[in-house]
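Below are the chains, spelled out letter by letter.
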Amino acid sequence: MSIFGRKNETDTTTASVPAPAAAPETAALTGDYTIDPAHTTLGFVARHAMVTNVKGTFTDFTGTLHLDGGDPSKSTATLDITMESIDTGNADRDGHLKSADFFRTDEFPAMTFRSTAAEALGGDDYRITGDLSILGVTKPLSIDLEFNGAAKDPFGNERVGFEGKAEILRSEWGLTWNAALETGGVLISDKIKLNFDISAIRQG
């Protein structure tokens, strides 16, 4: 079941006939949701020394979703991330990332995302595009999402789940610090992979 309704690939209805209404179970998911930090992971992966990957997460964040089961283009998302919460499993590395070489968390304590468009790609796949702000620089970012389903948990919360991924060039947001390697190349890749594993709870 798709959260926004799945197109019937065998449908031969002509363009002059209105599309069928969203299924009741799909339309029922329309509403406002709050991202649950306890069951959500916001992660990233960077190439290190040209030979391995360093993975990290942000552990302090808030976010909202508005889902429209009948018209996915009306769906929206917001995300506010506390940069001091960066965690790569190494305290020294985390300290460097918070410093003036990278995120300058004393001056720019938050990273934000505000959606500007959403679209269905077919099946359970969607894409949400918005403005990502880091270091006071705002640029567009598109995130590909897969809908994982909806369920009511043992505490009565109505939940929806998504997995998402995106890639950015950190230099486009002013994150340019690097170091050259004696064997050629640089210490940290410009390309950063972003990973999202989202659980959100319906409000009201």
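What you see is a predicted model; the values in this text were computed from it and never measured.

## Some remarks on the overall build of the protein chain
The helix and strand inventory of the protein chain stands at 2 helices and 11 strands. Along the chain direction, N to C, the helices and strands of the protein chain fall in the order α-β-β-β-β-β-β-α-β-β-β-β-β. Put simply, the protein chain has 204 residues, and 37% of those count as buried. Expressed as a percentage of contacts within the protein chain between residues at least 6 apart in sequence, the contacts between residues at least 24 apart total 58%.

## Side note on a nonpolar patch on the surface
A contiguous nonpolar surface patch, about 270 Å² in accessible area, is contributed by Met50, Val51 and Val186. Residue Val51 is classed as exposed on the basis of its relative accessible area, which comes to 63%.

## Here we look at the pattern of salt bridges
A side chain with one charge may pair with a side chain of the opposite charge, provided their charged atoms come close. Counted according to the given criterion, the structure contains 7 salt bridges. Between Arg159 and Asp153 there is a salt bridge, with the nearest N and O atoms lying 2.8 Å from each other. Asp153 carries the same exposure label as Arg159, and that label is buried. The salt bridge involving Glu158 is made with Arg202; its shortest N-O contact spans 3.8 Å. Placement of the pair is Glu158 in strand S10 (residues 158–169) and Arg202 in strand S11 (residues 188–202), with a sequence separation of 44 residues. Residue Arg202 is classed as partly exposed on the basis of its relative accessible area, which comes to 26%.

## A word on the side chain of Ser115
Following the sequence through the fold, Ser115 ends up in strand S7 (residues 110–122). A distance of 2.9 Å separates a polar side-chain atom of Ser115 from the backbone nitrogen of Ala77. Apart from the residues lying within four places of it in its own chain, the contact partners of Ser115 are Thr76, Ala77, Ile128, Thr129 and Gly130.

## Quick word on the confidence of the model for the protein chain
It should be kept in mind that the predicted coordinates are not to be read in detail where pLDDT is low. Model confidence for the protein chain is summarised by a mean pLDDT of 89, while 87% of its residues fall at 70 or above. For residues 1–24, every residue scores under 50 in pLDDT, and the model assigns this stretch 35 contacts once sequence neighbours within four places are set aside.

## Description of the packing of aromatic side chains
Throughout the structure, instances matching the rule amount to 3 aromatic pairs. Ring geometry for Phe44 against Phe58: centres 5.5 Å apart, planes inclined by 45°, an arrangement best described as tilted. Taken as a pair, Phe44 in strand S2 (residues 41–48) and Phe58 in strand S3 (residues 52–58) lie far apart in primary sequence, 14 residues in all. Judged by its relative accessible area of 12%, Phe44 falls in the buried class. For the pair Phe147 and Phe162, a centre-to-centre distance of 5.4 Å together with 50° between the ring planes defines the contact as tilted. With Phe147 in strand S9 (residues 137–152) and Phe162 in strand S10, this pair connects stretches of sequence that are 15 residues apart. Taken individually, Phe147 and Phe162 each receive the classification buried, so the pair is uniform in this respect.

## What about the environment of Lys152?
Tracing the backbone shows Lys152 in strand S9. Overall, the relative accessible area of 59% leaves Lys152 in the exposed class. Residues Lys152 and Arg202 lie 50 residues apart in sequence; the distance between their C-alpha atoms is 9.9 Å.

## Here we look at the pairing of S11
As paired elements, strand S1 (residues 31–35) and S11 share 3 bridges and run antiparallel to each other. Within S11, the residue paired with Thr34 across the bridge is Ile201. One ladder, built from 7 bridges, connects S2 with S11; its direction is antiparallel. If you follow His48 over to S11, its bridge partner there is Ile188. As defined by bridge partners, S10 adjoins S11 across 11 bridges and the pair is classed as antiparallel. Directly across from Phe162, in S11, lies its bridge partner Ile198.

What counts, and where the lines are drawn
- Residues numbered from 1 in each chain as written.
- Predicted model: local features only at pLDDT ≥ 70, side-chain atom pairs only at ≥ 80, totals over all residues.
- Heavy atoms only, no water.
- Helix = DSSP H or I, 4+ residues; strand = E, 2+ residues; numbered from the N terminus.
- Buried < 20%, exposed > 50% of the residue type's maximum accessible area, 1.4 Å probe, protein only.
- Contact = heavy atoms within 4.5 Å.
- Patch = residues over 30% accessible without salt bridge, like charges linked within 9 Å, V, L, I, M, F, W, Y side chains within 5 Å.
- Areas by Shrake-Rupley, 256 points an atom, 1.4 Å probe, with all protein chains shown as cover.
- Salt bridge = Lys/Arg side-chain N within 4 Å of Asp/Glu carboxyl O.
- Polar contact = N/O pair within 3.5 Å; in protein donor to acceptor, adjacent residues only side chain to side chain.
- pLDDT = per-residue confidence, 0-100.
- Phe/Tyr/Trp six-rings, centres within 6.5 Å; stacked < 30°, edge-to-face > 60°.
- Pairing = 2+ DSSP bridges.

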